[in-house]
Amino acid sequence: MTTTTGVATPRSAAELSTLLGQRPGRVRLVGSGSRQARLPAPPMALHMALDGIAAIERLDAADRTCSVDCGVRREVLDAELDARGLELPCPGGGTLGGLFASDPIGAASPGGPCPRSLLLGIEAVLADGTRFRSGARVVKNVAGFDVHKLLVGSAGRLFAATRLHLRLAPAPRASQWFERRGIDHDEALTLLAALRARAVPPDRVQCERTPDGAFVVRGRFAGRASFVAASLREHGLTAGAAAWCDHLQPPTNGEVVAGMATLGSLPGLLALLPPGSPFLWHGGGRCEITMPDAAATDVLLAAMTAHRLHGHLVHAVPERRGLGTPVPPAHRRLDEGLRNALDPHGILV
Amino acid sequence: MLSLERHLTKLLGSGRVLTTPDALLAWECDGFTVHKSRPRAVVLPESTAEVAAVVTLLHGTGTPFVPRGAGTCLSGGPTAGQDAVVIDLARMRKVLQISTVDRFAVVQPGVVNLDLTAAVRHLGLHYAPDPSSQSVCTIGGNFAENSGGPHCFKYGMTQDHVLGALVVLPDGSIVRFGDPAGPRLPHALDLTGIFCGSEGTFGIATEITVRLCRDQEAIRTLLGAFGTMNAACRTVSDIVAAGMTPAALEILDQATIRAVEASVYRAGYPADAAAVLLVELDGPTAVVDEEAAEVRAFMAKNGALRCEEAADATERKRLWKGRKGAFGAMGRLNTDLYVLDGVVPRSRLEEALVGIAAIGSKHRVLLTNVFHAGDGNLHPNISYDGRDPEQTARVLAAGHEILRLCVDLGGSISGEHGIGSEKLDHVGMMFDAADLEVMARVRGVFNPRGLCNPGKVLPQRGACAEPAKWPAMVAKVLAPEEHR
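Per chain, residue numbering runs from 1 following the sequence as it is written. By the order in which they are written, chains take letters starting at A while ligands take numbers starting at 1. Reporting of local features is limited, given that this is a predicted model, to residues whose pLDDT is at least 70; pairs of side-chain atoms are given and counted only at 80 or more, and all residues count toward the totals for whole chains, interfaces and linings.

Structural notes on the overall build of chain A
And step 1. Only DSSP runs of H or I reaching four residues or more are called helices, and only runs of E reaching two or more are called strands; each is numbered from the N terminus. Across its full length, chain A carries nine helices and 19 strands.
And step 2. For chain A, the C-alpha radius of gyration of 21 Å lies close to 20 Å, the compact-globule estimate for 349 residues.
And step 3. A principal-axis box enclosing the C-alpha atoms of chain A has dimensions of 60 × 50 × 35 Å.
And step 4. Classification of the 349 residues of chain A by burial places 52% in the buried group. Radius of gyration: C-alpha atoms only; globule rule: 2.2 Å multiplied by the number of residues to the exponent 0.38. Remark: C-beta atoms are placed from the backbone, and a residue is labelled buried if 20 or more other C-beta atoms sit within 10 Å of its own, exposed if 12 or fewer do, or partly exposed between those counts.

Right under this line is the structure:
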C-alpha cells in the first residue's frame, strides 16, 4: 500500500478495506483517471487510486467468464482474451472498474451487450471498509438482490467494486469494419434504419456529425465470413479500417452533453442542436453532443426536457458539472436513498 | 369503522375483492407446493391508479401484501401469509404500445409472455425470454423473477430485455424507471436493473417496456440421442469451444425421456437413449447451414446413437414439445414434483450430474434431469408423494445437498426460479452476513416497512444457514455436516 499526501494506492481489496475502515474522511475513488463526467471532488478528499488492485484472477474459456480486479486495464484484459479466442463485447477503455462504474457508452449496437449485461457479480468494499459480494461467477444466477447492478453508472459513489465477474463472448470468426462518410442527414438516418431493421445488426454501429455538418455512419459486421461479406454487399458498404470513436474530442471552450436517444427519436434530437455541433450516437442509444458555450447547453437541456429526452453535462467547468435534464423526483429520491443506505456518512464523493 | 375488506371493496367493487375461503383456495401456493398458505384476501386491480390506491390503503393500515402474476413461480415467491392481501395483476393484460422502428413494447404486467409474441408476430418480431411456462406466465412475473428459459443462452434473461417500468412503490407512490432508449438514465442509478429479479419485494410494476427482437431468417432444430450423459455434455462443450452460440442447448436424461414418451407430450425421443440433446440454431440461412453441419459433426464425433433435424416448423414444434412438456410429464411419476434450479460452470456439468445421482441414491428419491446445458443451469426434478412427511423430508434433504453441490462447484442456488420462500434456508450457502446486510439495506430503501412480499428472498437475520422453515424431519435426514 502506498499513501502520499492526498493519494492512497491500495494493492488489494484487504488493504482498501483497512484504509476505509480507518475513516480517512471524504474519499474519491479513482481508476485510471480517464473519466471526465464526475463531479469535482472536495479539496480535502483523499484520492483512493484503485489501479494498483490489478490481478486477473481467472479466465475460464470453457465457461466464457472471467474474474478481474478493478484496476486491470482494458487493453491488458483484451490481450489475454484475444489469446484465448474470446472478447469482452462492449466498447470503452481505462480500467475495468472505471469502465463499469462510469458506463459512458453503453452498448455499441441496438440491443447489444453492455456493461450491465456483462456484469455477473462483484466483490466490493463499502465506504466503512465492510467487504461484501453480490451476484455470482456463473453466467446465470438470480440468487439474492443484484446489488452489483448498482455499480454500473454509480461513478464510485456507492461502494468500491474490487473484483468483477464478467461474461465473455467468443471472438467472431470474421469481422469487417465499414464507414460511409460525407453523407447528409437523411441518408445517414436511412442507412441506420436499414442496419437497425436487420435480424442480425452490426455488432458495432455509430453515427457522427462532423463540424462541417456532414454525417458519418460506421460500424462492424461480425460472424462467419460468408455473413460478413453478404451483409456488406446488402447495404452497399465497402470494407475499411477500424474507425470506432468512443467519445467526441472535448472542446477547448465549449461543453459536452451526454444523453440517450432511440433511433426513432434521433431526428427530433438532431433538430434541437445548433447547426454544426459535433454529435456522436452509439447504436445502443447513448449519444454525445458538443455545445459551443454554456448558454447554448442550457437551451438544449431545456429543449431535451420538453421532448422527454435525457442528458447531462460530461465536460464542463467544475461548477457546471452535474447539470442535466431532471431525473424524476421519485427516481431521484430512490437514488439518494440508495446512496444513504450504502454510504450513510457520505464518505465516497 | 370500515373493515379493510370493506375499504378494498369501496376501491374496486365487490367482484374484484375475494375473501371467502373457497375463493382463496387458488391463491394458496404457486408452483412450489411445499409451502401453502391461504391469504387474507385477493384483489384484482385493472390499472396503475387502482394498484396505487390499494397499496396506499394497505400501507396506511400496515397490512402486508403480495403481488402476483400467473402463479407459475417455482420458489414460493407469490405465496402470501394468512395476514397478507394478494394483489393479483392478471386483469392488467393490455399491450399499450408497440414501436416497430425502435423495437419495443409497453405492456401491463398481466400480459402473458407468449401473448406478447403473438401480438407482434405479424410484424416479424418476438419477445425473446421464453420460460417453459410461457403460455401462461406473465411479463410482470417474469420481470419480478428475472425469468430465463431455453433461449436465454443466446438472448439473455429478462433483465436484458426490460428497458424500463412504471412502478408502484410499497408506500403507494409511483415512479418511472428507464426509457425506451435504455434501462438506465445517463445520470442516474440503474433502478431497472436492481428492481428486476427483486421477486416482488421492491414494489409492483404496472407498465413494463420490453425490447422486441427481429425474427431470424432461419431456424434449425437438431436432436442428438446419446448412449451416455457424458457424451451429450461433451458435445455441448465442443459446440461452445468452437465459438458457436446456439439459441438453445437443452439436455434431457433417460428418466425424463421415458416420462415424456409415456405422456401426452410424446415427442418421438428414443426411449433407449441415456440423454437427448436439443440444439437450436438461428440466424441467416447460410450461417445456420454451416453451423448445423458442424453440430452434426460434433454429435457424430461423440458417438450419437441418432441425429435428427426438424425438416419444418411442425417437426420443430414436435421436438420442442417433449422438452417444454417435460415438467408436466413428471405428473405421471408421482403426486408432487420438486423442481430444483441450481447452476454450475458449464465445464463442470458432468461432475455435477454424477454428484446429483449419488445424492438421489443416498436419499432414495426419484430424480430426473432436464437442463439448460449452455448455461450450466440444472433442473434436477424429484417426484414424490407430498402426503408422506417422511418422503417429503428426504426430498427436501436431497434438494439441500444438491444446491450445496452446485455452490461447491462454483455455481449458484438459483439460475432462474428465484429464492422466494423455498430457498431462504439455502441463501447462506452463497452469501455471508455482510452480503445479506447490504442486500437488506437496498431492500429497505424501496420497502422500508417490509410490507411488500414479506419473508421472501432474504432469511431472517441469524438464520441464513438453518433449515428453520422445513419440517423438523428434514434436519434429522441431513447429517450434521450438511447443515453448513
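As for the overall build of chain B
And step 1. Counting its secondary structure elements, chain B contains 17 helices and 19 strands.
And step 2. Its C-alpha atoms give chain B a radius of gyration of 22 Å, within 12% of the compact-globule value 23 Å for 484 residues.
And step 3. With the principal axes as the frame, chain B shows a C-alpha extent of 75 × 60 × 45 Å.
And step 4. Among the 484 residues that make up chain B, the fraction classed as buried is 59%.
And step 5. Put simply, of all contacts in chain B between residues at least 6 apart along the chain, 71% involve residues at least 24 apart. Residues are treated as contacting if the C-beta atoms built from their backbones sit within 7 Å of each other.

Considering the interface of chain A and chain B
And step 1. Across the contact, 62 residues belong to chain A and 73 residues belong to chain B.
And step 2. In the side of chain A that touches chain B, the residues fall into 26 nonpolar, 22 polar and 14 charged. Each residue gets one label: Ala, Val, Leu, Ile, Met, Phe, Trp, Tyr, Cys and Pro are nonpolar, Asp, Glu, Lys and Arg are charged, and the others, such as Gly, are polar.

Some remarks on the confidence of the model for chain B
Residue and element names in this part refer to chain B.
And step 1. The pLDDT value tells you how sure the predictor is about a given residue, anywhere from 0 up to 100. Overall, the predicted model of chain B reaches an average pLDDT of 93, with 95% of residues at or above 70.
And step 2. Below pLDDT 50 for its whole length, residues 463-469 participates in 17 contacts with residues either more than four positions away or in separate chains.
And step 3. Listed scores for the predicted complex are pTM 0.95 and ipTM 0.96.

Topic: helix α1 (residues 13-21) of chain A
Within an α-helix, residues lying three or four positions from one another point in the same direction, as the helix has 3.6 residues per turn.
Residues and elements named next belong to chain A.
And step 1. Taken as a whole, α1 has its buried residues at A13, L16, S17, L19 and L20. Relative to the axis of α1, the buried residues are bounded by an arc of 165° and lie together on one face.
And step 2. Of the surrounding secondary structure, the elements contacted by the buried residues of α1 are β2 (7-9), β3 (27-30), β4 (46-49), β8 (119-125), β9 (131-135) and β10 (160-167).
And step 3. R23 sits one or two residues past α1 and shows a positive phi near 50°. Note that the arc is defined by the directions from the helix axis to the C-beta atoms.

Points about the pairing of β4 of chain A
Residue and element names in this part refer to chain A.
And step 1. Relative to β4, β2 is paired through two bridges, and the arrangement is parallel. Residue pairing for β4: V7 is matched across the bridge by H47.
And step 2. At least two bridges found by DSSP between two strands is the condition for calling them paired. With four bridges connecting them, β3 and β4 associate as parallel partners. Paired with R28 across the strands is H47, a residue of β4.

Details of helix α8 (residues 229-241) of chain B
Residue and element names in this part refer to chain B.
And step 1. A helix's residues, less one, multiplied by 1.5 Å, set its expected span. With 13 residues, α8 extends 18 Å from end C-alpha to end C-alpha; this agrees with the ideal 18 Å at 1.5 Å per step.
And step 2. Buried within α8 we find M229, A231, A232, C233, T235, V236, I239 and V240.
And step 3. Against β12 (218-226), β13 (248-253), β14 (275-283), α10 (285-301) and α13 (349-363) lie the buried residues of α8.
And step 4. Directly after α8, the chain includes G243, whose backbone phi takes a positive value near 85°.

Here's the deal with the packing of α13 of chain B against helix α14 (residues 389-408) of chain B
All names here are of chain B.
And step 1. Between α13 and α14, the shortest axis-to-axis distance is 9 Å and the interhelical angle comes to 160°. Put simply, α13 runs roughly antiparallel to α14. α13 and α14 meet at a crossing whose hand is right-handed. Taking contact as the criterion, the partners of A352, G355, I356, I359, G360 and H363 in α13 are, on α14, R394, A397, A398, E401, I402, L405 and C406.
And step 2. Residues that form the contact of α13 with α14 fall into these classes: eight nonpolar, three polar and two charged. Working convention: axes come from line fits to C-alpha atoms, limited for helices to the stretch in contact. Angles between N-to-C directions cover 0 to 180 degrees. Here roughly perpendicular refers to angles of 65 to 115 degrees, roughly parallel to angles under 35, roughly antiparallel to angles over 145, and oblique to all remaining angles. Crossing handedness: left-handed means the near helix sits turned counterclockwise from the far one by under a right angle, and right-handed means the same turn made clockwise.

Comments concerning the sheet that holds strand β8 (residues 162-168) of chain B
Residues and elements named next belong to chain B.
And step 1. Spatially, five strands are ordered β5-β6-β10-β8-β9 in an open sheet, and the strand pairing comes out antiparallel. At either margin of the open sheet sits one strand with a lone partner, and together these are β5 (95-99) and β9 (174-178). The mean angle between the axes of side-by-side strands here comes to 10°, regardless of whether they run parallel or antiparallel.

Description of the sheet that holds strand β3 (residues 65-68) of chain B
To summarise the sheet geometry, strands pair through backbone hydrogen bonds and adopt either a parallel or an antiparallel arrangement.
Residues and elements named next belong to chain B.
And step 1. If you trace the four strands from one edge of the open sheet to the other, you get β1-β2-β4-β3, paired in mixed fashion. Each edge of the sheet is formed by a strand with only one pairing partner; in this case those strands are β1 (17-18) and β3.
And step 2. Pairing analysis gives three bridges linking strand β2 (residues 41-43) to strand β4 (residues 85-88), with the strands arranged parallel. Within β4, the position partnered with A41 by the bridge is V85.
And step 3. Across the sheet, helix α3 (residues 48-61) touches β2, β3 and β4, and the angle it forms with β4 is around 170°.

Quick look at the pairing of β14 of chain B
All names here are of chain B.
And step 1. Of all the nine residues making up β14, nine are buried; the element is thus mostly covered by neighbouring parts of the structure.
And step 2. Residues A275, L277, V279, L281 and G283 line one face of β14 and the alternating positions V276, L278, E280 and D282 line the opposite face, and both faces are buried.
And step 3. As paired elements, β12 and β14 share nine bridges and run antiparallel to each other. Directly across from L223, in β14, lies its bridge partner L278.
And step 4. As defined by bridge partners, β13 adjoins β14 across six bridges and the pair is classed as antiparallel. What sits directly across from A248, in β14, is E280.

Considering the packing of α8 of chain B against α10 of chain B
Residue and element names in this part refer to chain B.
And step 1. Where α8 meets α10, the axes come as close as 9 Å, and the angle between the chain directions of the two elements is 145°. For the pair α8 and α10, the crossing hand works out as right-handed. Between α8, through T235, D238 and I239, and α10, the contact on the second element is made entirely by V295, F298 and M299.
And step 2. Residue composition of the contact of α8 with α10, grouped by class: four nonpolar, one polar and one charged.

A few points about unusual backbone geometry
Residues and elements named next belong to chain A.
And step 1. Unusually for a residue other than glycine, R23 sits at a positive phi of about 50°.
And step 2. Looking at the element boundaries, R23 is found in the loop between α1 and β3.
And step 3. The exposure class of R23 is exposed, given the 12 C-beta atoms found within 10 Å.

Observations concerning the environment of G98 of chain A
All names here are of chain A.
And step 1. Assignment of secondary structure puts G98 in helix α3 (residues 96-102).
And step 2. When the 27 C-beta atoms within 10 Å are taken as the criterion, G98 is described as buried.
And step 3. Between the C-alpha atom of G98 and that of H235, which follows or precedes it by 137 residues, the distance is 36 Å.
And step 4. For G98, the contacting residues outside a window of four places in its chain are G31, S32, S34 and R35.

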